[in-house]
Amino acid sequence: MVLLNFRKPVRPERYQHPLDTLLENYSIEVMPRTADKIRDFRNVLPRGTRVYIAHIEGTTIEDMVATAGRIAAQGLTVMPHFPARIIPTVKVLEEWIDRYQSAANITEALLIAGGVSKPRGDFEDSMQLMQSGLFQRAGFRRLHVAGHPEGNRDIDLKGSYRATNSALKFKQDFAKINNISMAIVTQFAFDAQPIIDWSTFLQSEGISLPIHVGVAGPAKLQTLIKFAIACGVGNSLNVLQKRARDVSKLLTPLQPTDLLNDLARYRSQHPASKIENIHFFPLGGIAAASEWVASHAGAAAHPVCAV
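Residues numbered from 1 in each chain as written. Predicted model: local features only at pLDDT ≥ 70, side-chain atom pairs only at ≥ 80, totals over all residues. Heavy atoms only, no water.

Quick notes on helix H11 (residues 257–269)
Helix length check: H11 (13 residues) gives 18 Å between terminal C-alpha atoms against 18 Å at 1.5 Å per residue, within 8%. All of the buried residues in H11 are Thr-257, Leu-259, Leu-260, Leu-263, Ala-264, Tyr-266 and Arg-267. (Helix = DSSP H or I, 4+ residues; strand = E, 2+ residues; numbered from the N terminus. Expected span 1.5 Å × (residues − 1). Buried < 20%, exposed > 50% of the residue type's maximum accessible area, 1.4 Å probe, protein only.)

Let's talk about the environment of Ile-278
With respect to the helices, strands and loops of the structure, Ile-278 is situated in strand S8 (residues 275–281). Residue Ile-278 is classed as buried on the basis of its relative accessible area, which comes to 0%. Note: C-alpha distance between Ile-278 and Leu-263 (15 residues apart in sequence) is 9.8 Å. When sequence neighbours within four positions are dropped, the list of residues in contact with Ile-278 reads Leu-22, Leu-23, Tyr-26, Ser-27, Val-213, Val-215, Leu-260 and Leu-263. (Contact = heavy atoms within 4.5 Å.)

Focus: the confidence of the model for the protein
When pLDDT is averaged across the protein, the result is 87; 81% of the residues are at 70 or more. Segment residues 1–13: pLDDT under 50, and zero contacts once partners within four positions in sequence are set aside and those in other chains are kept. (pLDDT = per-residue confidence, 0-100.)

Quick word on the sheet that holds strand S2 (residues 50–53)
Strand order around the closed barrel formed by eight strands is S1-S2-S3-S4-S5-S6-S7-S8, with parallel pairing between neighbours. The mean angle between the axes of side-by-side strands here comes to 30°, regardless of whether they run parallel or antiparallel. Across the sheet, helix H3 (residues 61–73) lies against strand S1 (27–30), S2 and strand S3 (77–83), angled at about 170° from S2, the strand it touches most. (Pairing = 2+ DSSP bridges. Axes fitted to C-alpha atoms, helices over the stretch in contact; angles between N-to-C directions.)

Some thoughts on the packing of H3 against helix H4 (residues 90–104)
Between H3 and H4, the least distance of the axes is 8 Å, while the angle of their chain directions is 30°. In terms of axis orientation, H3 runs roughly parallel to H4. Here H3 runs over H4; the crossing is right-handed. Contacts between H3 and H4 pair Ile-61, Glu-62, Met-64, Val-65, Ala-68, Gly-69 and Ala-72 from the former with Trp-96, Arg-99, Tyr-100, Ala-103 and Ala-104 from the latter. Class assignment of the residues belonging to the contact of H3 with H4 gives a composition of nine nonpolar, one polar and two charged. (Parallel < 35°, antiparallel > 145°, perpendicular 65-115°, else oblique. Left-handed = near helix turned anticlockwise from the far one by under 90°. Nonpolar A, V, L, I, M, F, W, Y, C, P; charged D, E, K, R; others polar.)

Some words on the side chain of His-144
Here His-144 lies in strand S5 (residues 142–147). A relative accessible area of 0% means that His-144 is categorised as buried.

Some remarks on unusual backbone geometry
Non-glycine residue Asn-105 carries a positive phi angle of around 50°. Counting through the fold element by element, Asn-105 comes out in the loop between H4 and strand S4 (108–112). The phi dihedral of Asn-179 falls on the positive side, at around 55°, and the residue is not glycine. Mapped onto the elements of the fold, Asn-179 is located in the loop between helix H7 (162–177) and strand S6 (181–186).

Quick word on the pattern of salt bridges
Tallying each qualifying case throughout the model produces seven salt bridges. Residues Glu-95 and Lys-91 are paired through a salt bridge, measuring 3.9 Å at the closest nitrogen-oxygen approach. In this pair, Glu-95 and Lys-91 are both assigned in helix H4, four residues apart and thus about one turn of the helix distant. Among the residues examined, Lys-91 registers a relative accessible area of 57% and is labelled exposed. Across the pair Glu-205 and Lys-169 runs a salt bridge whose closest N-O atoms are separated by 3.7 Å. Note that Glu-205 is positioned in the loop between helix H8 (192–204) and strand S7 (211–216) and Lys-169 in helix H7, a separation of 36 residues in sequence. With relative accessibility at 32%, the residue Glu-205 sits in the partly exposed group. With relative accessibility at 34%, the residue Lys-169 sits in the partly exposed group. (Salt bridge = Lys/Arg side-chain N within 4 Å of Asp/Glu carboxyl O.)

Topic: the packing of aromatic side chains
Aromatic ring pairs: the centre-centre distance and the angle between the two ring planes describe each pair. A full pass over the atoms with the stated rule returns eight aromatic pairs. Here Phe-82 and Tyr-100 contribute two aromatic rings whose centre-to-centre distance is 5.6 Å and whose plane-to-plane angle is 65°, an arrangement assigned as edge-to-face. A residue pair is termed long-range when its members are at least 10 positions apart, and Phe-82 in strand S3 and Tyr-100 in helix H4 qualify at 18 residues. The same class applies to Phe-82 and to Tyr-100, which are both buried. Between Phe-135 and Phe-140 the ring centres are 5.2 Å apart and the planes differ by 85°, which places this aromatic pair in the edge-to-face class. Here Phe-135 matches Phe-140 in class, with each residue buried. These aromatic residues form a ring-pair network of at least three members: Phe-82, Trp-96, Tyr-100, Phe-135 and Phe-140. (Phe/Tyr/Trp six-rings, centres within 6.5 Å; stacked < 30°, edge-to-face > 60°.)

Structure follows, in structure tokens:
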């Protein structure tokens, strides 16, 4: 007698490339003047994408709040920067928080020291912003902080990680005590290995905050070199300098494909890694960065066009 097996065969789940997974919940950074170039963000970004709004010295809070309100109304998650050193007083900080919440019900923020060397008022660093208690009282449940895989000589003058690691430990403890979701958002880099080494080092130091790796979107080499020098990107600048030796490559945009493939491969092989998401700095334009993601990632990274 032949026994027939009518059991439905089990099909393997659809294979997902590690790069698809890495890019699933990517975020992107804009400024009010660059956001003004995008009429409707629903045409370029997936619904719910986290959009950081950079607050550069000289940008008015009116422009920041207006940009936050417009982007939030188009179905995206808004995370404005709060640069400590350009906020003059505690009262002004409270006013900014109130204005963001009135315009767009903001409950997320990136807290940073800011790009100026000396404080303009009451705050010197992001830890002091946290200690003000204003974000907790306003109901903020997510605060992100800055990370520097290749060091930050403004803080650690001798190139060590002593001061930056001490600050990250303080922030990690603060998040735990106050039940706040926190992640580290890094400065952009052009080489995966310094990022991987730094993330491993943080874990060895007991810092387990998720890491959102900063990546420059497609841009001309001259643009990337200019920003890399201005932002103090160190070792990975060599990647750009090597490419610059080939004159034929000066006019074509440099894409982050190799960097992200290296990070995706590492993360798939090391599931305990704290490298969690990718954060794009669209130095070559918001649309160019989002188009690159849409062409290299799965369906989750595609925008849903407005109707």
